[in-house]
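Fold and contact review
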Amino acid sequence: MDAVKQYELNKGLAQMLKGGVIMDVTTPDQARIAEDAGACAVMALERIPADIRAAGGVSRMSDPKMIKSIQNAVSIPVMAKCRIGHFVEAQILEAIEIDYIDESEVLSPADDLYHINKRDFKVPFVCGARDLGEALRRINEGASMIRTKGEPGTGDVIQAVRHMRKMNAEIRKVVSMREDELFEEAKALAVPYELVLYVHQNGKLPVVNFAAGGVATPADAALMMQLGAEGVFVGSGIFKSGNPAKRARSIVQAVTNYRDAKLIAELSEDLGEAMVGINPDEIKLIMEERGR
Amino acid sequence: MVGVLALQGAFREHIEALNTLGAEAKEIRKLSDLANLDGIILPGGESTVQGKLLRELDMLNPLRDMILSGLPVLATCAGLILLSKTIENDKNRYLATLPVTVKRNAYGRQLGSFITNGKVGDFNNFEMVFIRAPYITEVDNSVDVLSKYDDKITGVRYKNQIALSFHPELSKDTRLHELFLSITK
């Protein structure tokens, strides 16, 4: 399989995940709950972002044995996180045949300058982005899926909203430019001209774009979909809540029928306690600033 | 009007393929969307998610009845799993209108995904994109085999149902969508 075809396949898997919810899980039991609730994929990790935040210290790739136990528990795609720039963690995840690697700012960055050269891998990568420039730089490095960074582990959707709005506003700006202005825009965004041209001609990123960071309710998920997300990652929001199975199921349905307010009203009833959450303005560790 | 099931997965790609051919298509997200359809496409995605949503949104039995009474269907990847009467490695059954046995994730995880070229029915040199794809392990005598890869059945036709392991909506080739549209008229 040549590299071009491999990239098409990897973008294609992200296309199959669209309109779905990818859930963070830490045990095989949670993975099965997520699959039964309608997750289109799970993210296997030792600690969910809220607990990573609480624990502090250096946060690394999860134990491969734990990831394998989740791969064995479910039939849907399994993703796992490696640190930004830590290409050996990525090699390990590829070796255990993970379906998607998240080169993630939720873990402690291993490199403060360079991201992983994702073109070196057969396995697909998703990366976080706060704006169009970050998204296109990650795509240029070989990412086949993008998600907003949001502010992980807070249960506060404000950063995801900010990132999605900013990215879409920048896309609209590129679409409205004259072609002879795109060269300068490529320079300003620090990305190749060809990627800017693609955005100009198609009005979207060349890969699928999900929302992530702080999604805690069916309404949060539908908000991100109405703002243009093609699907949603839910991290701490599910298994830090009172009734994970019910909340997960409701978020899945809200993502499918994200414009049906009547249905979302029903889905929002009796969900039990939502994760408590913390205000991103009140925390010291801002994960979204990791990796530009 | 043709519909594309839009509960989860790659439905937009199918709508774009139909639009290229000058056909309109609507997204099917709830029970009332099923009214007055001339045909339906079941797209790729996760069969567990789509099947569960079909059930929760009370669409499973009405859609099954429509297919059994002759509604033309084009099903790709997860769609094939929804249609199959038997799923070898899954206790779930969904529409179960197609008399075949299917195996989920039959080529393994994403690293087992691949692209190949071959014959599909009357169409030569068709690009076939397999993503965590299923294949068909058994078919009823009345089922026509459209395509095979490595001796495994990857495409079938049975009366009004066309079902494929691969993703024609991800290639630029619209011949299978044309075939589907021709049976919706």
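The rules behind the values
- Throughout this document, residue positions are counted from 1 along each chain, in the order its sequence is written.
- The order in which chains are written sets their letters, starting at A; the order in which ligands are written sets their numbers, starting at 1.
- Where totals are concerned, whole chains, interfaces and linings use all residues; where local detail is concerned, this predicted model gives features only for residues with pLDDT of at least 70, and gives and counts side-chain atom pairs only at 80 or more.
- Note that water and hydrogens are dropped before the side-chain values are worked out from all heavy atoms of the structure.
- Every residue pair with non-hydrogen atoms within 4.5 Å of one another is taken to be in contact.
- Reported buried area values correspond to the accessible surface (1.4 Å probe) lost by two parts on association, with both partners' losses combined.
- Throughout this description, the term salt bridge denotes a Lys or Arg side-chain nitrogen within 4 Å of a carboxyl oxygen of Asp or Glu.
- Polar contacts here mean pairs of N or O atoms no more than 3.5 Å apart (in protein, one a potential hydrogen donor and the other a potential acceptor; neighbouring residues in sequence count only if both atoms are side-chain atoms).
- Numbering of helices and strands runs from the N terminus, with a helix taken as a DSSP run of H or I at least four residues long and a strand as a DSSP run of E at least two residues long.
- Any residue that is not Ala, Val, Leu, Ile, Met, Phe, Trp, Tyr, Cys, Pro, Asp, Glu, Lys or Arg is counted as polar, Gly included; the first ten are nonpolar and the last four charged.
- UniProt positions are given in the numbering used here, feature names are shortened, and annotations may be inferred rather than shown by experiment.
- Only centres within 6.5 Å qualify two rings of Phe, Tyr or Trp (six-membered ring in Trp) as a pair; their planes then separate them into stacked at under 30 degrees, edge-to-face at over 60, and tilted for everything else.
- In this scheme, a residue with accessible area under 20% of its type's maximum is buried, one over 50% is exposed, and one in between is partly exposed, where area comes from a 1.4 Å probe on protein chains only.

Glancing now at the interface of chain B and chain A. In this assembly, 33 residues from chain B lie in contact with 39 residues from chain A. Regarding the contact of chain B and chain A, the summed buried area is about 3,000 Å², with carbon and sulfur atoms giving 55% of it. When the buried surface of chain B facing chain A is broken down by residue, R109, Q110 and L111 of chain B rank first, second and third, together holding 25% of it. Inspection of the region where chain B meets chain A yields four salt bridges. One can count 19 residue pairs in polar contact (both at pLDDT 80 or more) joining chain B with chain A. For the side of chain B that touches chain A, the elements supplying multiple residues, two or more each, are helix 1 (11-20), helix 2 (47-56), strand 7 (114-120) and strand 8 (123-130) of chain B. Broken down by element, the residue count for the side of chain B that touches chain A peaks at five residues, all from helix 2 of chain B. Looking at side-chain class alone, the side of chain B that touches chain A contains 13 nonpolar, nine polar and eleven charged residues.

Moving on, we get to the environment of Q8 of chain B. Inspection of the secondary structure puts Q8 of chain B in the loop between strand 1 (2-5) and helix 1. With 45 residues separating them along the chain, Q8 of chain B and L53 of chain B place their C-alpha atoms 8.8 Å apart. Beyond its immediate sequence surroundings of up to four residues, Q8 of chain B is in contact with M16, L17, K18, G19, G20 and C40 of chain A together with P43, G44, G45, E46, V49 and Q50 of chain B. For Q8 of chain B, the side chain forms a polar contact with the main-chain oxygen of M16 of chain A, separated by 2.8 Å. Of note is the side chain of Q8 of chain B, whose polar atom sits 2.9 Å from the backbone nitrogen of E46 of chain B.

Turning our eyes to something else, we now look at the UniProt feature "binding site: D-glyceraldehyde 3-phosphate" (unreviewed entry) in chain A. With numbering matched to this structure, UniProt assigns "binding site: D-glyceraldehyde 3-phosphate" (unreviewed entry) to R165 of chain A. Structurally, R165 of chain A is set in helix 7 (residues 158-176).

It is worth spelling out the packing of aromatic side chains at this point. One pass over the full model with this rule turns up twelve aromatic pairs over all chains. Consider the rings of F183 of chain A and Y193 of chain A, whose centres lie 4.3 Å apart with planes at 5°: the pair is stacked. Residue F183 of chain A is located in helix 8 (residues 182-189), and its partner Y193 of chain A is located in helix 9 (residues 193-202); the two are separated by ten residues in the primary sequence. When its relative accessible area of 22% is taken as the criterion, Y193 of chain A is described as partly exposed. Through a chain of ring-to-ring contacts, three or more aromatic side chains come together here, namely Y107, F114, F123, F126, F130, Y135, Y149 and F166 of chain B.

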